Amino acid sequence: VQLQACGGGLVQAGGSLRLSCAASGRTFSDYAMSWFRQAPGKEREFVAAISRSGGSTYYADSVKGRFTISRDNAKNTVYLQMNSLKPEDTAVYYCAAPAAGEPIGTIIRWGVVVMRYWGKGTLVTVSS
């Protein structure tokens, strides 16, 4: 599956952005989906995940209550709504997926190492 993320940009602290990730090439609903991010000089870290049906979601503690992951299987797209943004949210954001059929629990347990498909990142910059 090919993934293409977009929606990044420059926003002031306290503002909002919505990232989108469009998938193509395979049956989108076969894939649990996730967002990761990587800040300058830091390792890539997990942000959020959503099950294949969209019925289950999971968040990193650092974004819980501020970010919302969702998906539209009819549009082959996963979203990340980011509210109350902080300067520490500044990073390149990536959408990613494990192998087809893997449950959301795989992402929660193994994180980066089980992601098979990555989109090109989109830069989010939050100014103070």
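Treat the numbers as computed from the prediction; the structure is a model and nothing was measured.

## Looking at the overall build of the protein
- Along the protein, the regular secondary structure elements total one helix and 11 strands.
- Relative to the compact-globule value of 14 Å for 128 residues, the protein shows a C-alpha radius of gyration of 13 Å, a close match.
- The C-alpha extent of the protein, read off along each of the three principal axes, is 40 × 30 × 25 Å.
- Counting all 128 residues of the protein, 45% fall into the buried class.
- Look at the contacts in the protein between residues 6 or more apart in sequence, and 59% of them connect residues 24 or more apart.
- Of the roughly 6400 Å² of accessible surface on the protein, a fraction of 47% belongs to carbon and sulfur atoms.
- For the protein, the distance from the average site of its 14 positive side-chain charges to the average site of its 8 negative ones is 4 Å.

## Thoughts on the packing of aromatic side chains
- If you walk through the whole model with that rule in mind, you get five aromatic pairs.
- Ring geometry for Tyr94 and Trp118: centres 6.2 Å apart, planes at 85°, overall edge-to-face. Taken together, the positions of Tyr94 in strand S9 (residues 91-97) and Trp118 in strand S10 (residues 117-118) put the pair 24 residues apart, joining distant regions of the chain.
- Classification of Trp118 by relative accessible area gives partly exposed; the value is 29%.

## As for the side chain of Arg71
- Residue position: Arg71 is located in strand S7 (residues 67-72).
- Despite being buried, Arg71 has no salt bridge partner; Asp72 is the closest side chain of opposite charge, sitting 8.3 Å away.
- Polar contacts involving the side chain of Arg71 include one to the main-chain carbonyl oxygen of Phe28, which spans 3.0 Å.
- In this structure the side chain of Arg71 is engaged in a polar contact, spanning 2.8 Å, whose partner is the backbone oxygen of Tyr31.

Here is what the cut-offs are and how they apply
Residues numbered from 1 in each chain as written. Predicted model: local features only at pLDDT ≥ 70, side-chain atom pairs only at ≥ 80, totals over all residues. Heavy atoms only, no water. Helix = DSSP H or I, 4+ residues; strand = E, 2+ residues; numbered from the N terminus. Rg over C-alpha atoms; globule rule 2.2 N^0.38 Å. Buried < 20%, exposed > 50% of the residue type's maximum accessible area, 1.4 Å probe, protein only. Contact = heavy atoms within 4.5 Å. Areas by Shrake-Rupley, 256 points an atom, 1.4 Å probe, with all protein chains shown as cover. Lys, Arg positive; Asp, Glu negative; His and termini not counted. Charge placed at Lys NZ, Arg CZ, Asp CG, Glu CD. Phe/Tyr/Trp six-rings, centres within 6.5 Å; stacked < 30°, edge-to-face > 60°. Salt bridge = Lys/Arg side-chain N within 4 Å of Asp/Glu carboxyl O. Polar contact = N/O pair within 3.5 Å; in protein donor to acceptor, adjacent residues only side chain to side chain.

Fair warning: the whole summary comes from geometry, so function is off the table for now.
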